[in-house]
Amino acid sequence: MVFYSLYIINKAGSLIYHYDHNLQRNEVEKTYSYPLEFVLDIVDDRVVVRFGEIDGIRVGYAVLAVNGIAVTGRTFAKEGEKTDIDVMDFLGKSQNYPVQLKFGRPPLRTNERIMLASTFHSLYAISAQISPEHGSSGIKTLDTDVFRLHCFQTITGTKFIVLTDLRQDGMDALLRKLYQIYADYALKNPFYLLEMPVRLDLFDQNVQAAIEQVDKTGVSVI
């Protein structure tokens, strides 16, 4: 199996922990001449492809590097320059070509993860409310065309969410194991504040060990 990510959401809908294990980064790097065959725009302080898919580059991909130099937000640092260079300004000048660009799906920022966790918390509650049967548990699994979401909610309302590939079923054992690790290494830690973000080394190590075991064996019984 392929295990992608773990998210833990508290009963109020706030993200208190996440762990990325095996995220695939589809990146495309190529040398381009002027003018570019696609349209770039600034979205959420990133330079992203707004229109035109070519050479494996998709709409929504961000510029990750210019001539081998990593892009931070919408700028990059060039040797010999006192200030960072704006990517859009640089790519708008023909004298800067040919240019080597690396594109890829931008990693989620912390604020984006928090927003998505809150959104799922609301969707979970909505799914329980619209159920034709009383006492619905809410979302347990959710399939897309590329991954499967598995969710386990504890009695106290804490949600454990794991993302895997579509081939993996029956993640209940792993979800309950992760809950046990949370209880043993977070809730029983006298320095941990309930419902707050989990930043504990022993917790991290045990979560990683449990996930690696399942990821290697493909067996969800731990």
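Residues numbered from 1 in each chain as written. Predicted model: local features only at pLDDT ≥ 70, side-chain atom pairs only at ≥ 80, totals over all residues. Heavy atoms only, no water.

Okay, the domain arrangement of the chain next. Segmenting the chain into domains produces domain 1 (3-23 + 109-217) and domain 2 (27-104). Using only C-alpha atoms to locate each centre, domain 1 and domain 2 end up separated by 35 Å. (Domains from an automatic or database assignment.)

Attention now moves to the packing of aromatic side chains. Tallying each qualifying case throughout the model produces 12 aromatic pairs. Relative to phenylalanine 38, the ring of tyrosine 32 has its centre 5.5 Å away and its plane inclined at 85°; by these criteria the two rings are edge-to-face. Measuring from ring centre to ring centre gives 6.4 Å for tyrosine 182 and phenylalanine 203, while their planes differ by 75°; the resulting arrangement is edge-to-face. With tyrosine 182 in helix H3 (residues 172-187) and phenylalanine 203 in helix H4 (residues 201-217), this residue pair connects regions lying 21 residues apart in the sequence. (Phe/Tyr/Trp six-rings, centres within 6.5 Å; stacked < 30°, edge-to-face > 60°. Helix = DSSP H or I, 4+ residues; strand = E, 2+ residues; numbered from the N terminus.)

Our focus in this paragraph is the pairing of strand E6 (residues 62-66). By the criterion of burial, E6 is predominantly enclosed, with 5 of the 5 residues buried. Sheet topology places E6 next to strand E10 (residues 99-104); 4 bridges connect them, and they run antiparallel. From the neighbouring strand, alanine 65 faces E10, where its bridge partner is lysine 102. Linking E6 back to strand E7 (residues 69-72) in an antiparallel pair, the connection comprises 2 residues, with asparagine 67 at a positive phi of about 55°. (Buried < 20%, exposed > 50% of the residue type's maximum accessible area, 1.4 Å probe, protein only. Pairing = 2+ DSSP bridges.)

This part takes up the pattern of salt bridges. Taken as a whole and assessed by the stated rule, the structure comprises 9 salt bridges. Put simply, arginine 46 and glutamate 112 hold a salt bridge, and the shortest N to O gap is 3.5 Å. Highlighted residues: arginine 46 in strand E5 (residues 46-51) and glutamate 112 in helix H2 (residues 110-129), separated in sequence by 66 residues. Across the pair, glutamate 112 and arginine 46 agree in class, each one buried. Between arginine 148 and aspartate 143 there is a salt bridge; the shortest N-O distance is 2.6 Å. (Salt bridge = Lys/Arg side-chain N within 4 Å of Asp/Glu carboxyl O.)

The 5 strands are arranged E2-E1-E13-E12-E11 in an open sheet whose pairing can be described as antiparallel. In this open sheet, the two strands that pair with only one neighbour each are strand E2 (15-20) and strand E11 (141-143). Here the strands of the sheet are splayed against their neighbours by 15° on average, with no regard to which way each runs. Where strand E1 (residues 3-9) meets strand E13 (residues 159-164), 6 bridges bridge the pair, whose relative direction is antiparallel. Paired with serine 5 across the bridge in E13 is leucine 163. Sheet strands in contact with H3 are E1, E2, strand E12 (148-153) and E13, and its direction is about 135° off that of E13. (Axes fitted to C-alpha atoms, helices over the stretch in contact; angles between N-to-C directions. Contact = heavy atoms within 4.5 Å.)

On to the nonpolar core, then. Generally speaking, nonpolar side chains in soluble globular proteins are found buried as a group. Of all hydrophobic cores here, the largest spans 24 residues; its most connected members are Leu6, Tyr17, Leu178, Tyr182, Val198, Phe203 and Val207. Those elements giving two or more residues to this core turn out to be E1, E2, E13, H3 and H4. The element best represented in this core is H3, accounting for 6 residues. Residues within four places of valine 198 in sequence aside, it is in contact with Ile16, Tyr17, Tyr182, Ala186, Tyr192 and Phe203. Tyr32, Val71, Val87 and Leu91 belong to the second-largest nonpolar core, a separate cluster that totals 21 residues. (Core = buried A, V, L, I, M, F, W, Y, C linked by side-chain atoms within 4.5 Å.)

Take H3 next. Within H3 the residues assigned to the buried category are Leu174, Leu175, Leu178, Ile181, Tyr182 and Ala186. Projected onto a plane normal to the axis of H3, the buried residues spread over an arc of 115° and lie on a single side. Exposed residues pointing more than 90 degrees away from the buried face of H3 are listed as Asp172 and Arg176. Those residues of H3 hidden inside the fold are in contact with E1, E2, E12, E13 and H4. (Arc of directions from axis to C-beta.)

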